[in-house]
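What follows is each chain in one-letter form.
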Amino acid sequence: MKLILCSNSPRRKELLAGLDIPFEVRIKKGIEEPRPVGLTPVETAKSIAKGKAEAYEPENDDEVILTADTIVVCDDVILGKPDDEADACRMLRLLSGRSHQVITGVALKSRNASRVFAVTSEVTFKTLTEDEISYYVEHYRPFDKAGAYGIQEWIGYIGVTRLEGSYFNVMGLPVQRIYEELKTLPFAHC
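Residues numbered from 1 in each chain as written. Predicted model: local features only at pLDDT ≥ 70, side-chain atom pairs only at ≥ 80, totals over all residues. Heavy atoms only, no water.

Examining the pattern of salt bridges
Okay, so step 1: The full count for this structure, using the stated rule, is 20 salt bridges.
Okay, so step 2: Put simply, K52 and D69 hold a salt bridge, and the shortest N to O gap is 3.4 Å. Within this pair, whereas K52 is found in helix α2 (residues 41–54), its partner D69 is found in strand β3 (residues 63–74), the two being separated by 17 residues in sequence.
Okay, so step 3: D69 gets classed as buried once you look at its relative accessible area, which sits at 5%.
Okay, so step 4: Salt bridges here are not isolated pairs; linked through shared partners, they connect K2, E24, R26, E59 and E63. (Salt bridge = Lys/Arg side-chain N within 4 Å of Asp/Glu carboxyl O. Helix = DSSP H or I, 4+ residues; strand = E, 2+ residues; numbered from the N terminus. Buried < 20%, exposed > 50% of the residue type's maximum accessible area, 1.4 Å probe, protein only.)

Written as structure tokens, this is what we have:
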């Protein structure tokens, strides 16, 4: 099996490397990531991951395409990546002192099999001060992160008081579930 990660995310590359499964990164520019209307957050994450996978075709019979999309959900509102500093601060204020869900949709696709699934984790933040929010946004620039934070960064160290589910899912790739799903593909040998 040859795994193809269709993501430029450094976190996803790092997490996938931890599985000790050889993979290569393949990127196409200009892939749209529209948020479908009228779906639940879980179905939204799955739909976006599946849409990304549809932009790629395995080049050989032994290739498996892997795409993913992570969203943060608070009060049934989907938080994507922030537009700017003000938007990042707004999102962190919304998450402050509350629990929210982190949902990663994943698509695995070979020439003769496919799987689309989602993994949900629940994260609770302490009440963050304005100084903590400003410090994090200014120093860590979380503009490429759903919900405007990375659990593996400073804000996670000082702010996360509870986590239910996969830590790696919150980082952006539920590697344990991916490993299990890869083992079920017809030709996979993990």
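Describing the side chain of E63
Okay, so step 1: Along the chain, E63 falls in strand β3.
Okay, so step 2: Overall, E63 belongs to the buried group, its relative accessible area being 0%.
Okay, so step 3: A distance of 3.0 Å separates a polar atom in the side chain of E63 from a polar atom in the side chain of R26. (Polar contact = N/O pair within 3.5 Å; in protein donor to acceptor, adjacent residues only side chain to side chain.)

A few points about the packing of helix α3 (residues 85–95) against helix α4 (residues 130–140)
Okay, so step 1: Between α3 and α4, whose axes approach to 10 Å, the crossing angle comes to 135 degrees. Between α3 and α4, the angle is such that the two are oblique. For the pair α3 and α4, the crossing hand works out as right-handed. Of α4, the residues touching α3 (which contributes E85, A88, C89, L92 and R93) are E130, I133, Y136 and V137.
Okay, so step 2: Its residues assigned to classes, the contact of α3 with α4 shows 6 nonpolar, no polar and 3 charged. (Axes fitted to C-alpha atoms, helices over the stretch in contact; angles between N-to-C directions. Parallel < 35°, antiparallel > 145°, perpendicular 65-115°, else oblique. Left-handed = near helix turned anticlockwise from the far one by under 90°. Contact = heavy atoms within 4.5 Å. Nonpolar A, V, L, I, M, F, W, Y, C, P; charged D, E, K, R; others polar.)

Description of the environment of D61
Okay, so step 1: Position of D61 relative to the elements: it lies in the loop between α2 and β3.
Okay, so step 2: With relative accessibility at 56%, the residue D61 sits in the exposed group.
Okay, so step 3: Separated by 60 residues in sequence, D61 and M1 place their C-alpha atoms 8.6 Å apart.
Okay, so step 4: Within the structure, D61 has its side chain in polar contact with the side chain of R111 (distance 3.0 Å).

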